[in-house]
Amino acid sequence: MATFILKRIFWAVITLVVILFVLFLLLEFIPGSPFNDERLTVDQVTVLREHYGFNKPFFEKAAIFFMNALRGDFGISYSIIKNQPVADLVWSELGVSIRIGLQTMVVGSFLGLILGIIAVTQYNTWKDNVATIISVLGVSVPSYVFALLLSYFVGYKLGWADITYSIDHPYSSSVLPTIALSMFVISQIARFLRTELIEVLQTDYIQLARAKGVRANQIIYKHGLRNALISVITITGPLMVNLMTGSLVVEKVFGIPGIGSLLVNAIQVKDYNVIVMIAFVYSAFYIFVNLLVDILYGIIDPRIRVEKGGS
């Protein structure tokens with residue numbers, strides 16, 4: 001198991017280094033400039049480029065970029081908050097998105113597993129049909145539609161929850177966005193779990209367990225669920241990253257100061273350092289979550305880590 005994990009960590013580090021290099025190339029060759037203000041003269045733009053190191057040789061800039069990036073320093077903001085360290089700007093916004101994303105994953109995963117198990121245990125009954133309808137609606141209807149409906153009916157009409165996000169009440173004011181975002185997670189997990197469990201329950205070893213008189217609940221929870229969870233874990237990785245790095249429209253609906261809104265603002269004003277750090281953080285999250293998924297694969301099904309070179 002240790003060899004299996006070390007190999008995954010090694011390739012994760014290599015991937016992050018490659019991503020850093022690609023981001024530097026994008027930063028170097030992307031068209032436009034953060035100093036496109038019409039009020040600036042040519043001489044002033046030249047002075048600014050000199051001050052911020054834009055005129056340094058390519059390899060010198062690359063070395064400085066890599067050394068700073070490895071320390072978590074992606075420079076300063078040129079436009080959003082001038083001369084503010086990008087790391088401070090991004091981490092302050094990212095914390096909100098991560099917390100709401102984790103809340104969504106916990107709620108969505110828990111309810112999705114319950115819905116999927118109900119659909120399988122009550123296969124071809126009205127409960128299975130209801131679970132299927134909920135899953136289809138959750139996948140088909142965008143999260144911002146649920147956000148608008150919840151905001152109007154639950155927040156405005158009934159007054160059961162806060163309509164806008166409040167820094168003073170971060171948990172109570174994030175109930176509605178958590179529910180809105182979790183609908184897609186619930187639907188995805190319930191659909192995949194239902195499909196996989198139905199397939200697993202038709203395998204030979206499950207049929208043998210039934211022939212031996214093993215109870216239905218024990219077959220599902222002890223034998224079937226563990227194998228079905230492999231496919232479920234596969235989809236939870238990307239879902240978790242997307243949620244933890246912010247949902248722009250839902251953030252706008254509830255006034256959440258998250259990373260999604262910051263990224264759009266940075267793109268609009270061409271604040272390249274902010275864009276690059278957000279892209280790197282997103283990539284790092286994605287790689288880290290996939291690393292966890294690989295490790296969970298090995299824990300759930302030892303055959304996977306043996307096939308991939310683990311001990």
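Provided above is the structure to which this section pertains.
Residues numbered from 1 in each chain as written. Predicted model: local features only at pLDDT ≥ 70, side-chain atom pairs only at ≥ 80, totals over all residues. Heavy atoms only, no water.

Draft legend 1. Spatial organisation of helix 3 (residues 58–70). Here helix 3 spans 18 Å end to end across 13 residues, near enough to the 18 Å set by a 1.5 Å rise per residue. Within helix 3, burial applies to K61, A62, F65 and A69. An end-on view of helix 3 places all buried positions within 100 degrees of arc, on one side of the element. Turned more than 90 degrees off the buried face of helix 3, the exposed positions are F59, M67 and L70. Note on helix 3: the residue one or two positions beyond its end, G72, has a positive phi of about 80 degrees. (Helix = DSSP H or I, 4+ residues; strand = E, 2+ residues; numbered from the N terminus. Expected span 1.5 Å × (residues − 1). Buried < 20%, exposed > 50% of the residue type's maximum accessible area, 1.4 Å probe, protein only. Arc of directions from axis to C-beta.)

Draft legend 2. Inspection of the pattern of salt bridges at higher detail. Taken as a whole and assessed by the stated rule, the structure comprises one salt bridge. As a salt-bridge pair, R194 and D128 come within 2.9 Å of each other at their nearest N and O atoms. You can see R194 sitting in helix 7 (residues 175–200) and its partner D128 sitting in helix 5 (residues 126–140), a full 66 residues away along the chain. (Salt bridge = Lys/Arg side-chain N within 4 Å of Asp/Glu carboxyl O.)

Draft legend 3. Region of interest: unusual backbone geometry. With a phi angle near 65 degrees, N124 is a residue other than glycine that sits in the positive phi range. Locating N124 in the fold gives a position in the loop between helix 4 (86–121) and helix 5. Residue N124 is classed as exposed on the basis of its relative accessible area of 60%.

Draft legend 4. Structural view of the nonpolar core. Membership of the largest hydrophobic core comes to 34 residues, with the highest contact counts inside it found for I100, V185, L193, L197, L201, F254 and I256. Elements represented by at least two residues in this core include exactly helix 4, helix 6 (143–157), helix 7, helix 8 (204–211), helix 9 (216–244) and helix 10 (248–254). In terms of residue count, the dominant contributor to this core is helix 7 (ten residues). Apart from residues no more than four positions distant in its own chain, I256 is found in contact with V96, I100, Y165, P177, V250, E251 and S261. Counting residues in hydrophobic clusters, the runner-up holds 32 residues, among them I19, M277, F285 and I287. (Core = buried A, V, L, I, M, F, W, Y, C linked by side-chain atoms within 4.5 Å. Contact = heavy atoms within 4.5 Å.)

Draft legend 5. Highlighting the side chain of Q103. Within the fold, Q103 resides in helix 4. Of the polar contacts made by the side chain of Q103, one reaches the side chain of S174; its length is 3.2 Å. Setting aside residues no more than four positions away along its own chain, Q103 makes contact with Y171, S174 and T178. (Polar contact = N/O pair within 3.5 Å; in protein donor to acceptor, adjacent residues only side chain to side chain.)

Draft legend 6. A look at helix 5. Spanning 15 residues, helix 5 covers 21 Å between terminal C-alpha atoms, matching the ideal 21 Å at 1.5 Å per step. Among the residues making up helix 5, those that are buried are D128, A131, S135 and G138. In an axial view of helix 5, the angular spread of the buried residues amounts to 90 degrees, which keeps them on one side of the axis. The exposed residues of helix 5 that point more than 90 degrees off its buried face are W126, I133 and S140. As for helix 5, its buried residues are in contact with helix 4, helix 6 and helix 7.

Draft legend 7. Expanded view of the packing of aromatic side chains. For the structure on display, the rule yields seven aromatic pairs. Three or more aromatic residues joined by ring pairs make a cluster, and in this case those are F24, F65, F66, F74 and F280. (Phe/Tyr/Trp six-rings, centres within 6.5 Å; stacked < 30°, edge-to-face > 60°.)

Draft legend 8. Examining the packing of helix 4 against helix 5 more closely. Look at helix 4 against helix 5: their axes get within 8 Å of each other, and the N-to-C directions meet at 140 degrees. Seen along the crossing, helix 4 lies across helix 5 with a hand that is left-handed. Residue-level contacts link L115, I118 and A119 of helix 4 to K127, D128, A131, I134 and S135 of helix 5. Here the contact of helix 4 with helix 5 is built from residues that sort into five nonpolar, one polar and two charged. (Axes fitted to C-alpha atoms, helices over the stretch in contact; angles between N-to-C directions. Left-handed = near helix turned anticlockwise from the far one by under 90°. Nonpolar A, V, L, I, M, F, W, Y, C, P; charged D, E, K, R; others polar.)

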